[in-house]
Amino acid sequence: MLEIAVGLAREAAATARRLRAEAIADVETKSTATDVVTAADKAVERQVIEALRRLRPGDGVLGEEYGEAAGETSGSAAGEKHGGAAGEEHGAAAGGGAVRWILDPIDGTVNYLYGLPQYAVSLAAEAGGEVVAGVVINAATGDEWTAYLGGGAYRGERRLRKVTGPVELSQTLVGTGFGYDARRRAHQGRVLAGLITRVRDIRRFGAAALDLCAVAEGTLDAYFEKGLNPWDHAAGGLIAREAGVIVAGLDGAPPGLDMVVAAPPAIFQPLHDALVELDAAGGP
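Residues numbered from 1 in each chain as written. Predicted model: local features only at pLDDT ≥ 70, side-chain atom pairs only at ≥ 80, totals over all residues. Heavy atoms only, no water.

**What about the nonpolar core?**
Point 1. With 35 residues, the main nonpolar core has Val136, Trp145, Ile239 and Val245 as its most contacted residues.
Point 2. Of all elements in the fold, only strand E6 (120–127), strand E7 (130–138), strand E8 (144–148), helix H6 (208–217), helix H7 (230–242) and strand E15 (260–263) reach the threshold of two or more residues within this core.
Point 3. Per element, the largest residue contribution to this core is 8 residues, and it comes from H6.
Point 4. Sequence-distant contacts of Trp145, defined by excluding residues within four places in its chain, comprise Gly134, Val135, Val136, Asn138, Tyr154, Arg155, Leu160, Leu210, Cys213, Glu217 and Ile239.
Point 5. If you look at the next biggest cluster of nonpolar residues, it comprises 33 residues, including Ala13, Ile106, Val132 and Val135. (Core = buried A, V, L, I, M, F, W, Y, C linked by side-chain atoms within 4.5 Å. Buried < 20%, exposed > 50% of the residue type's maximum accessible area, 1.4 Å probe, protein only. Helix = DSSP H or I, 4+ residues; strand = E, 2+ residues; numbered from the N terminus. Contact = heavy atoms within 4.5 Å.)

If you want it as structure tokens, here you go:
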């Protein structure tokens, strides 16, 4: 499944790069006026879904732009092998198969729109309700991160060893992101104001999948964000976990819409406790 994911993600990244000049002239909005989607987001997602239907017709697909896309049959060889339901936050895999692919065709669409080189294709395979393989490719640069469950995480051919870094929250470089709703941003701004005096500094790059890969390789020490959907963190979360990062929600919850926190073991609990104190999962 990782081999399939990598091949499809590379093709998708090439399409995103090729279409950028024309795609940014065809822009729509989604949840708010600042939540944009380009023609390339939709084209890339259709491309991956069509390829998966050819390669693995019984699998389900969950994509950011089109939601659940059913497979052509009710099962597949891989589905029979793994068994069980593939439910996460959005229920069982469409089409009844035990394997579901989770796709963000362009993570960081605003960066894509502005030409900032921080946008990615993220594709993960989920079996029996657990993400088992994932790839994130920065479509602007070609940088590639991969992982499969129990097999470690890689940037290109380089194995990402168990992350190391500061052992005190005050020395931690923390990444985050913001929602599109103005009320949510106001709450997130208050959280950030309370946190920024407790850490080394804050970074906001605008692509959750790449932020999680940055924690996996140590170019960020930690990351948190409220409001992430499965396609935002499925592949990047697996890559981070396979590199030795804890990826979770608050108060024992799994990572999801309420909160995703990614940090090495030495930093996770202090950051977690600070976010709980600041009510980071609260607000709109």
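**Concerning the packing of H6 against H7**
Point 1. Their axes nearest at 8 Å, the elements H6 and H7 cross at an angle of 5°. The angle between H6 and H7 places the two elements in the roughly parallel class. Note on element contacts: H7 touches H6 through Asp232, His233, Gly236, Gly237, Ile239 and Ala240, opposite Ala208, Ala209, Leu212, Cys213 and Ala216.
Point 2. Looking at the contact of H6 with H7 residue by residue, the classes come out as 7 nonpolar, 3 polar and 1 charged. (Axes fitted to C-alpha atoms, helices over the stretch in contact; angles between N-to-C directions. Parallel < 35°, antiparallel > 145°, perpendicular 65-115°, else oblique. Nonpolar A, V, L, I, M, F, W, Y, C, P; charged D, E, K, R; others polar.)

**Quick word on empty space enclosed by the protein**
One way to see where empty space is left: roll a probe the size of a water molecule over the atoms.
Point 1. Taken as a whole, this structure holds 2 cavities of 30 Å³ or more when the rule is applied.
Point 2. Taken as a whole, the largest cavity holds about 70 Å³ of empty space.
Point 3. Looking at the largest cavity, the residues that line it are Thr176, Gly177, Phe178, Gln188, Val191, Leu192, Phe224, Lys226, Met259 and Ala280.
Point 4. Per element, the largest residue contribution to the lining of the largest cavity is 3 residues, and it comes from helix H5 (residues 182–195).
Point 5. Partitioned by chemical class, the residues of the lining of the largest cavity number 6 nonpolar, 3 polar and 1 charged. (1 Å grid on protein atoms, 1.4 Å probe; cavity = no way out; pocket = protein on both sides within 12 Å on 5 of 7 lines; lining within 4 Å. Points joined across faces, edges and corners; volume = space filled by probe spheres on them.)

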